[in-house]
Structures are given as structure tokens and as C-alpha cells.
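Reading the structure
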Amino acid sequence: MPEEYIIEVKDLGKNFDGLEVLKSIDLQVKKGEVVAIIGPSGSGKSTFLRCINQLETATKGDIYFDGVDLLKDKIDINKIRQKMGMVFQQFNLFPHLTIEKNITIGPMKLLGKSAAEAEAECDRLLEMVGLADKKHAYPSSLSGGQKQRIAIARALAMNPEVILFDEPTSALDPEMVGEVLQVMKDLAKTGITMLVVTHEMGFAREVASKVIFMDNGYIACEGTPTEVFENNENERVKAFLQKVL
Amino acid sequence: MAFLSSLAHVFTKYGSMFGQAALLTVSLSLGTVLISTILGSLVAFMKISKNKLISSIASVYVAFIRGTPLLVQIYMVFYGLPMLGIKLPTFTFLGADFSRFSSGLIALVINSTAYVCEIVRGGIQSIDIGQTEAARSIGFNKAQSMLYIVFPQAFKNILPSLGNEFVSIIKESSQVSVIGLAELMYTTNTVRAISFTSFEPLIIVSLIYFILTFVLSTFIKKLETKMAKSNRA
Ligand SMILES: Nc1ncnc2c1ncn2[C@@H]1O[C@H](COP(=O)(O)OP(=O)(O)O)[C@@H](O)[C@H]1O
Ligand SMILES: [Mg+2]
């Protein structure tokens, strides 16, 4: 495959005991791109994202990451996942660990960083997400928006090439959506590659370099935000946008 | 009145024997709960393993132990080990024969491991799958995700259940008296024989058991309340 793509997906399919959730997905993502994945609930957006980092095993097709076929080549998926962070709708912070430990456990156990190195990086990340004062707190004492910012810091601590976001603001109270989106906007500027499943059309329009609309197991429409959001003739997209905007 | 004075008499005369025996019962039970917590966790990992052979071995073990009486298991260990050529060392330990103590301990551990396995398995399965997914997405393998993320949370949640298992073991360890180990129940029977009283020693031993289990249960309740508070925070 051409080296210019950091992720390339070809004819990807996924069945859950007979239920064909992904029928045939093709996607190319260049380094530094921000891809917004939109579409109706149940259209397979989460499944697609989870197939990319192998939390779900695809039933057919190819997923290339840095030129390596994740499904067919002999790979160590744990090594791959270190370079592919994920941020979940439900945050999934580790409740038994302090914020600092949440962020440093990966780098220390997996990247062989010393406690001091990992802590310095943790401080930098906490500064970046605006939560330096929460270093010694436990997740249970944080608001949803704060939890999600920590989850982003935790993913970043592994210094990944790509971060997958699965509806990162959907579980948040409306007043906290902005703070998380702001962190994501800042992140996009750093040149990291991002795949973001989202219902925040404003974010998609403003930040994404590419928008894909998923429907019924296919990518029904794909293009720049302008192409997808403005004067789009695709009936399904129109109907969807009418509902969410 | 005659009964009360007889009770007082048995207690003053044989109190130290009961004390010694209580120490043995507590040691036996504590040893059992500590060892079976480790082994029970290992069997729980086996039982949830994707490897069919490993998980069936664990399942059969748990089903068999939970489906047979402890008394039978105690006899089987006591008479079975020598038949397998295993000879446990004999010396005096806490006023009792160590080979009998270790037989009893082994039998109780074999039994309790099966119950602890189910406690641990339930604890692990009660942890949200999102925790494992978050750990895996960072790059931890299955074993690391279990070790660093899932098990510590599960273990904290099951501490009260392990405490309750400790309470059960204290009571059930009385059955080990059948192999001649001088724990509380065996000592009670000894005192009944040498003091020519049939009932008084039973009053004394039931009070001792009750105090042990009551203190422990109260402690567990405190722990549960404290945990409920910390989980709510
Ligand atoms: N683990 C699973 N087992 C069975 N069906 C699943 C599983 N995960 C998702 N699905 C089904 O796949 C479809 C797509 O789900 P999902 O990818 O979560 O959609 P989206 O994220 O777009 O809302 C849904 O019908 C859902 O019920
Ligand atoms: Mg979803």
C-alpha cells in the first residue's frame, strides 16, 4: 500500500452472529488528518472504530496501519495499540488509581519510562488539558468533562500516532461539552491523526479535514466538511443532518 | 444454680485448654482463608480462561468440591495423603500434632478454594468491561490488564465476601475434630470426657465460637460501610 496513508481500510466487514454491521468499508487516512465519522445511531460507527484497534475482530477485509496489515500480517497487537490511543464515551478511567497513576501506568509499565520521566510527562499533559491541580485526586471526584480530559491525557501519554475517539462528548452534560471539544481542537493543531465518531456537527465542520457519513454498514458519503455539509444531494445525509442540526 | 456453679467450675479448670484450642482454631481458619484466597484467585483465573481445557479443569474442581461434604474431604485428605506416600511431619504445634493440623489445613484449603474461586470470579465479572477495554487500548496484554486494572478493583469489592468466608471457615473447621486435631470442638469433647460434664463445655465452646464470629462480622460490616462511602465519593 502507498506509504502516504497512516491508516488504510479496504473492504472491511464485521458480522455479529449473522448481523452484518459493517458490509464493506474503505477509507484512507493521511498522517495528521482529522476524520469525523458521523451517521445515525446503530450504523456501525463504534464497531468500525473498534475494528481498527482490534477491540473487535473484523470478519473480512484489510486494515493497514503504517503499512502493516493488522488482520493478515503477523503483528503484536499490544504494540500496535500503544501507537493507537482510544478515548471512550464512558471515559473508562481507572477508579482505583489517582489521576497521576491513570496517566503514568502505561508509560511506566509498557514504555519502560522511569517514574520521574513519566511524572514529568504527566505534569505537561495535565497542564495541557488544564487539570494540573487534579494530579493527586481520584477519578470519582472529577466531573464528566474533567474525566474525559484526563482520558485524553492518558491516551496521549503513550505518545500515539493516532487517537480514536468514540463519541467523546455524548455522555457529558451540555455545559461540559465545550471544554472537551476545546482540548480536542488544540490537539488537532499538534498534527496528531484523529478519528472522531461524533454528533457534534460544529466540531466536525470546523476541525475535520474529512467527514465520513456511515449508514447501513457502508460509508454512504465522504468528503471535506463543505462537501458533506453544504448542498449535499445525498438524501440519507440530508435527512440525518436535518435531524441533528 | 448448681448448673451455673458447675459451668464456672469447668471454665476455671479447663479455661486454658479452651484458650489454647481457640488459638488453634483461629490459626487454622486464618491460614485457610489466606491460602485459599491465593489459590481461589488462581482457580478463578483458570475458570475464566479462554483455554477450554484449563477452564474445564477448574469448573470440574469447583463443582466436585462444592458438591461433596466437607467431612468426606477431611477424611479423604487424612487417609489419602499417606496412601499417596505423603508423610506430614509430626511435632507439637500450638499444643497439637502438626501432621493432623496440616491435614486439616489442607482439607479446609481444598474446600475453601472452591468457594473463594466463585467469590473472585464474581468480583472480576462485576468490573465493567470498559476497564479491560481501556487497559487493552493502552497496550496492556490480557494478563497485565487483569493484574494492574481489573483484579485490584475486584479484590477490593470482594473483601467483605472473603471476610464472610473466614466466618464460615471458623465454624466449619469444627469438623476437623474428627481427625483428632485438638481445635475447639475436639477439645470440647476431651473436656466433656475428663470433667464428667456433658453440657457445660458445649455452652463454653458455643460462646467462644460466637465471640469469634461476632467480632469478625462486626469488623466486616464496618469495612462494608466504609467502602460504600468511598465508592460514593
Ligand atoms: N458486541 C456486539 N454483539 C452484537 N451486536 C453488536 C455488538 N456491538 C454492536 N452490535 C450491533 O451492531 C450495530 C452497530 O452498533 P454500533 O457500532 O455501536 O453503532 P453506532 O456506534 O453507529 O451507534 C448495532 O445494531 C448493535 O446492536
Ligand atoms: Mg457508538
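Residues numbered from 1 in each chain as written. Chains lettered and ligands numbered in written order. Predicted model: local features only at pLDDT ≥ 70, side-chain atom pairs only at ≥ 80, totals over all residues. Heavy atoms only, no water.

Here we come to the overall build of chain A. When helices and strands are tallied, chain A shows nine helices and ten strands. By residue count, 57% of the 245 residues in chain A fall in the buried class. When the accessible area of chain A is evaluated, it comes to approximately 10,400 Å², of which 46% is carbon and sulfur surface. A distance of 3 Å separates the average location of the 29 positive side-chain charges in chain A from that of its 36 negative side-chain charges. (Helix = DSSP H or I, 4+ residues; strand = E, 2+ residues; numbered from the N terminus. Buried < 20%, exposed > 50% of the residue type's maximum accessible area, 1.4 Å probe, protein only. Areas by Shrake-Rupley, 256 points an atom, 1.4 Å probe, with all protein chains shown as cover. Lys, Arg positive; Asp, Glu negative; His and termini not counted. Charge placed at Lys NZ, Arg CZ, Asp CG, Glu CD.)

Turning next to the site of ligand 1. Residue and element names in this part refer to chain A. Close contacts around ligand 1 come from F16, V21, P40, S41, G42, S43, G44, K45, S46 and T47, and that covers them all. G42 has a polar backbone atom sitting 2.7 Å from an oxygen atom of ligand 1. In the complex, 59% of the free accessible area of ligand 1, which totals 560 Å², lies under the protein chains. (Near = heavy atom within 4 Å. Polar contact = N/O pair within 3.5 Å; in protein donor to acceptor, adjacent residues only side chain to side chain.)

Take the nonpolar core next. All names here are of chain A. Within the largest apolar cluster, 42 residues are counted, with the highest numbers of intra-cluster contacts made by I7, L12, F48 and L195. The element contributing the most residues to this core is strand β2 (residues 19–30), with five residues. Residues L93, L156, F203 and V207 belong to the second largest nonpolar core, which totals 36 residues. (Core = buried A, V, L, I, M, F, W, Y, C linked by side-chain atoms within 4.5 Å.)

Right, let's get into the pairing of strand β3 (residues 34–38) of chain A. All names here are of chain A. The buried fraction of β3 is high, at five of five residues. Across the two faces of β3 the burial is the same, with V34, A36 and I38 and V35 and I37 all buried. Where β3 lies against strand β8 (residues 193–197), four bridges are found, and the strand directions are parallel. Paired with I37 across the strands is V197, a residue of β8. Pairing between β3 and strand β9 (residues 210–215): four bridges, direction parallel. Within the sheet, the bridge partner assigned to V35 lies in β9 and is K210. (Pairing = 2+ DSSP bridges.)

All names here are of chain A. As judged from the eight bridges shared by strand β1 (residues 5–16) and β2, these two strands associate in the antiparallel manner. Its bridge partner being in β2, L12 is matched across the sheet by I25. In textbook terms, the turn of a hairpin is the stretch between consecutive antiparallel strands, and for β1 and β2 this stretch comprises two residues, one of which, D17, has a positive phi near 30°.

Time to look at the interface of chain A and chain B. Counting residues at the interface gives 22 residues for chain A and 18 residues for chain B. When the two sides are added together, the surface that chain A and chain B hide from each other amounts to roughly 1,700 Å², 61% of it contributed by carbon and sulfur. For E133 of chain B, the salt bridge goes to R50 of chain A, with nearest N and O atoms at 2.7 Å. The tally of links between chain A and chain B comes to six residue pairs in polar contact (both at pLDDT 80 or more). Contributions of two or more residues to the side of chain A that touches chain B are made by α2 (77–82), β6 (84–87) and α3 (99–110) of chain A. Ranked by the residues each element gives to the side of chain A that touches chain B, the list is headed by α3 of chain A, at four residues. A per-class count over the side of chain A that touches chain B returns eleven nonpolar, seven polar and four charged. (Contact = heavy atoms within 4.5 Å. Buried area = accessible area lost by both parts, 1.4 Å probe. Salt bridge = Lys/Arg side-chain N within 4 Å of Asp/Glu carboxyl O. Nonpolar A, V, L, I, M, F, W, Y, C, P; charged D, E, K, R; others polar.)

Don't take any of this as a statement about function, it's just geometry.
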